[in-house]
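# Understanding the architecture of this molecule
Chain residues, written in single-letter form:
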Amino acid sequence: MKIGVLGAGRMTEALASGWVRAGHDVLVGGRTAGKTADLAKRIGARAGTLREAAEFGDAVLVAVLLAGLDETLRAAGAPEGTLAGKTVIDCGNAVDIADFSQVTYEGGSSMAEEIARLSPGAHVVKAFNQAHADVWRMRPPVFGGRPLAVPIAGADEGKPAAGTLIRDLGAEPLDAGDLTQARHLEAMAIIVIRLLFSGADPLSVFAFRSPE
């Protein structure tokens, strides 16, 4: 699969390196040419501009902070239709880094829904936002002998490609519904982030007992 990546940060390095190893053709697009080229070289991917990445990929990962989302999508040509017909995966969280509170758009919508609004025709899927980049550096991400489950929410047309990319990292997709459910996935991630920064163990909070 041809994968374009918008952003050249930690999540890009963690996720895209796994996809390169799985045999996918990856082009990383970033706002800073030098940083983008360095990252792409480290993981064995191509480097280019944001627009080149958007046009290149059959699937496109959006891996940028909330503050840079609008600028990134416009530089990638998303409002002009460069992402139309493509699976677009949002791995970010709409979080205010000052106090780790959730940021929502008009009507309480999510970061993923904002990407869909700015990307006419794109098949937007929320995925990968529940785990830190360090988890995605694991090969594979297995806990207690079980592969990591990755909740995904979004357009049905985008879920098959997203599911393939999840499985190629050694994890398992878990369908969480349509794109409106991205609001809940982002809120859930905020809780996990707060627990981590307070020193708690999220596994002790979300653990359950299997049936006897």
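Note that this is a predicted model, so its numbers are computed, not measured. (Residues numbered from 1 in each chain as written. Predicted model: local features only at pLDDT ≥ 70, side-chain atom pairs only at ≥ 80, totals over all residues. Heavy atoms only, no water.)

### Focus: the overall build of the protein chain
The cut-off we apply is this: Only DSSP runs of H or I reaching four residues or more are called helices, and only runs of E reaching two or more are called strands; each is numbered from the N terminus. Radius of gyration here is computed from C-alpha atoms only, and the compact-globule reference equals 2.2 Å multiplied by the residue count raised to the power 0.38. Here the term buried applies to any residue with accessible area under 20% of the maximum for its type, exposed to any over 50%, and partly exposed to those in between, with areas from a 1.4 Å probe on protein chains only. Contacts between residues were defined by any pair of non-hydrogen atoms, one from each residue, lying within 4.5 Å. Accessibility throughout is a Shrake-Rupley quantity obtained with a 1.4 Å probe, and a residue counts as covered only by protein chains that appear here. Counting rule for charge: Lys and Arg are taken as positive, Asp and Glu as negative, and neither His nor the chain ends is counted. Charge coordinates come from a single atom per side chain, which is NZ of Lys, CZ of Arg, CG of Asp or CD of Glu.
Secondary structure summary: the protein chain contains nine helices and twelve strands in total. Relative to the globule expectation of 17 Å for 212 residues, the C-alpha radius of gyration of the protein chain, 16 Å, shows essentially globular dimensions. The principal-axis extent of the C-alpha atoms belonging to the protein chain is close to 50 × 40 × 35 Å. Counting all 212 residues of the protein chain, 50% fall into the buried class. Across the protein chain, contacts joining residues at least 24 apart in sequence account for 69% of those joining residues at least 6 apart. When the accessible area of the protein chain is evaluated, it comes to approximately 10100 Å², of which 54% is carbon and sulfur surface. Within the protein chain, the 25 negative side-chain charges are centred at a point lying 5 Å from the centre of the 21 positive side-chain charges.

### Structural notes on helix α2 (residues 33-43)
Test applied: In this description, one arc is meant: the one made by directions from the helix axis to the C-beta atoms.
Every buried residue of α2 is accounted for by T36, L39, A40 and I43. With its buried residues spanning 100 degrees around the axis, α2 presents them on a single face. Exposed residues pointing more than 90 degrees away from the buried face of α2 are listed as K41 and R42. Those residues of α2 hidden inside the fold are in contact with α1 (10-21), β2 (25-29) and β3 (46-48). G44 sits one or two positions beyond α2 and adopts a positive phi of about 80 degrees.

### With respect to the confidence of the model for the protein chain
Worth spelling out the cut-off: The predictor attaches a confidence to each residue, called pLDDT, with possible values from 0 through 100.
Overall, the prediction assigns the protein chain a mean pLDDT of 91, with 92% of residues at 70 or greater. Here residues 207-212 scores under 50 on pLDDT; set against residues more than four positions off or in separate chains, the count is one contact.

### Some thoughts on the packing of aromatic side chains
Short version of the rule: Two rings belonging to Phe, Tyr or Trp (six-membered ring only in the last case) form a pair when the distance between their centres is within 6.5 Å. Interplanar angles under 30 degrees mark stacking, angles over 60 mark edge-to-face geometry, and anything in between is tilted.
Tallied over the entire structure, the rule returns two aromatic pairs. Centroid distance W19 to F128: 5.8 Å. Interplanar angle 70 degrees. Geometry classified as edge-to-face. Here W19, found in helix α1, pairs with F128, found in the loop between β8 (123-126) and α6 (133-136); they are 109 residues apart in sequence, far enough to count as distant. The burial state of W19 is the same as that of F128; both residues are buried. Their ring planes at 80 degrees and their centres at 5.1 Å tell us that F128 and W136 sit as a pair that is edge-to-face.

### Let's talk about the sheet that holds β8
Filter applied, for reference: Here, any two strands with at least 2 DSSP bridges between them count as paired. The axes used here are C-alpha line fits, helices contributing only the stretch in contact, and every angle between their N-to-C directions lies in the interval 0 to 180 degrees.
If you trace the eight strands from one edge of the open sheet to the other, you get β3-β2-β1-β4-β5-β8-β11-β12, paired in mixed fashion. Two strands lie at the open edges of the sheet, namely β3 and β12 (172-175), each paired on one side alone. Sheet twist, expressed as the average angle between the axes of neighbouring strands with direction ignored, equals 30 degrees. Across four bridges, strand β11 (residues 149-154) lies against β12 in parallel orientation. Looking at β12, one finds that A149 is bridged to E172. Strands in contact with α2 are β2 and β3; relative to β3, the strand with the most contacts, it is inclined by about 165 degrees. Strands β1 (2-6), β4 (59-62), β5 (87-90), β8, β11 and β12 of the sheet are contacted by helix α7 (residues 159-167), whose axis makes an angle of about 145 degrees with β12.

### Examining the environment of V125
Inspection of the secondary structure puts V125 in strand β8. As a C-alpha pair, V125 and L50 span 75 residues in sequence and 19 Å in three-dimensional space. What V125 contacts, discounting residues up to four positions off in sequence, is V88, I89, D90, I152, A153, G154, A155, G158, K159 and A162.

### Considering the pairing of β2
Consecutive side chains along a regular strand alternate between the two faces of the sheet. Inclusion rule: Looking down the strands as they point away from you, a crossover is right-handed if its path from the first strand over the helix to the second goes clockwise.
The buried fraction of β2 is high, at four of five residues. Where β1 and β2 come together, five bridges link them in parallel fashion. What sits directly across from G4, in β2, is L27. Read from β1 through α1 to β2, the crossover connection turns out right-handed. Strand direction decides the pairing type here: β2 and β3, joined by three bridges, are parallel. Looking at β3, one finds that L27 is bridged to R46. Handedness of the crossover joining β2 and β3 through α2: right-handed.

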